[in-house]
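What follows is the residue order along each chain.
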Amino acid sequence: MTVDLRLVAARVAGGDDAAFRQIVDHTRAPMYRLAARLVGDLGEAEDALQEAFVDAYRALREGRYDGRSKVETWLYRIVTNACLDALRRRRDAPRDAPGEPRFDGLVSAEARVALRELDALLAGLPPLERAALVLVAVEGLPAKEAAVALGCSEGAVEQRLVRARAALRARQTEEAPRA
């Protein structure tokens, strides 16, 4: 069953608090995947996603969603911003080894390893470059939607992608064994 999330968002804006559950139910999985890939830690991803959904609910109730973009694209921006904030907090206050949430059977061991590898690969990138690369190269968003999610122009997204890819290539060259 297809749900028109714009209509659901309008219901929330009109005071139907229970309707927000539909938005969460229809977007939780892709938004959690995005958050996990952006921050590279499942616990931080859960926290960022919860923060993002609270922000989205408040924005809907305050009439700050104008309906010009799809609800999903609008949520990508909110989740991305929450994750960028988490990455900045991590950079500003380094912590000990990241704590993985206890195994709950919802995320396979392979997915956890892949996430750890992705996080290690992207660890040295500035948050905005990391976000652009994840949105476009990993999540498969077109540059136009990534620009909406990042609150910038398509050209800025393309420039961040160029810088991110160059940094990854440079690091790969540095780490390559010398013959």
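Residues numbered from 1 in each chain as written. Predicted model: local features only at pLDDT ≥ 70, side-chain atom pairs only at ≥ 80, totals over all residues. Heavy atoms only, no water.

**Points about the nonpolar core**
The tendency in soluble globular proteins is for nonpolar side chains to be buried as a group. Counting 56 residues, the largest nonpolar core has I23, W74 and L75 as its most contacted members. Listed by contribution, the elements that provide at least two residues to this core are α1 (5–13), α2 (20–39), α3 (42–61), α4 (71–92), α5 (109–122), α6 (127–138), α7 (143–150) and α8 (154–175). The leading source of residues in this core is α4, at 11 residues. For I23, the residues in contact, after removing those within four places along its chain, are L5, V8, A9, V12, L60, V71 and L75. (Core = buried A, V, L, I, M, F, W, Y, C linked by side-chain atoms within 4.5 Å. Buried < 20%, exposed > 50% of the residue type's maximum accessible area, 1.4 Å probe, protein only. Helix = DSSP H or I, 4+ residues; strand = E, 2+ residues; numbered from the N terminus. Contact = heavy atoms within 4.5 Å.)

**Quick word on the confidence of the model for the protein chain**
In low-pLDDT regions, the fine details of the predicted coordinates are not to be read closely. Per-residue confidence for the protein chain gives a mean pLDDT of 88, with 91% of residues at or over 70. Low confidence marks residues 100–105, where pLDDT is under 50. Its contacts with residues over four positions away, or in another chain, come to 10 contacts. (pLDDT = per-residue confidence, 0-100.)

**Examining the packing of α6 against α8**
At a closest axis distance of 8 Å, the pairing of α6 and α8 adopts a crossing angle of 100 degrees. One finds that α6 runs roughly perpendicular with respect to α8. Side by side, α6 and α8 meet where L128, E129, A132, L133, V136 and A137 of the first sit next to V157, R160, L161, R163, A164, R165 and L168 of the second. (Axes fitted to C-alpha atoms, helices over the stretch in contact; angles between N-to-C directions. Parallel < 35°, antiparallel > 145°, perpendicular 65-115°, else oblique.)

**Focus on the state of the cysteines**
For the structure shown, the criterion picks out 0 disulfides. Free cysteine C83: the closest other cysteine sulfur is in C152, separated by 16 Å. On the accessibility criterion, C83 (1% relative accessible area) is buried. (Disulfide = S-S within 2.5 Å.)

**Thoughts on the pattern of salt bridges**
Under the counting rule described, the total for this entry stands at 14 salt bridges. For D16, the salt bridge identified is with R11, shortest N-O distance 3.0 Å. Look at R11 and you get partly exposed, because its relative accessible area is 40%. E139 serves as the salt-bridge partner of R33, at 3.2 Å between the closest nitrogen and oxygen. Taken together, the positions of R33 in helix α2 and E139 in the loop between α6 and α7 put the pair 106 residues apart, joining distant regions of the chain. For R33, a relative accessible area of 37% gives the class partly exposed. On the basis of relative accessible area, E139 is assigned to the buried category, the value being 13%. Salt bridges sharing partners connect three or more residues here, namely E44, R90, D119 and R130. (Salt bridge = Lys/Arg side-chain N within 4 Å of Asp/Glu carboxyl O.)

**Section: the packing of aromatic side chains**
Summed over all chains, the structure comprises 3 aromatic pairs. Ring centres of F20 and F53 lie 6.3 Å apart, and the angle between their planes is 80 degrees; this geometry places the pair in the edge-to-face category. Of this pair, F20 sits in helix α2 while F53 sits in helix α3, placing them 33 residues apart in sequence. Its relative accessible area of 9% is what places F20 among the buried residues. Each ring, one from F20 and one from Y57, has its centre 5.5 Å from the other, and the planes form 70 degrees; the classification is edge-to-face. In this pair, F20 sits in helix α2 while Y57 sits in helix α3, placing the two residues 37 residues apart along the sequence. Y57 gets classed as partly exposed once you look at its relative accessible area, which sits at 26%. Taken together, the aromatic side chains of F20, F53 and Y57 make up a single cluster linked through ring pairs. (Phe/Tyr/Trp six-rings, centres within 6.5 Å; stacked < 30°, edge-to-face > 60°.)

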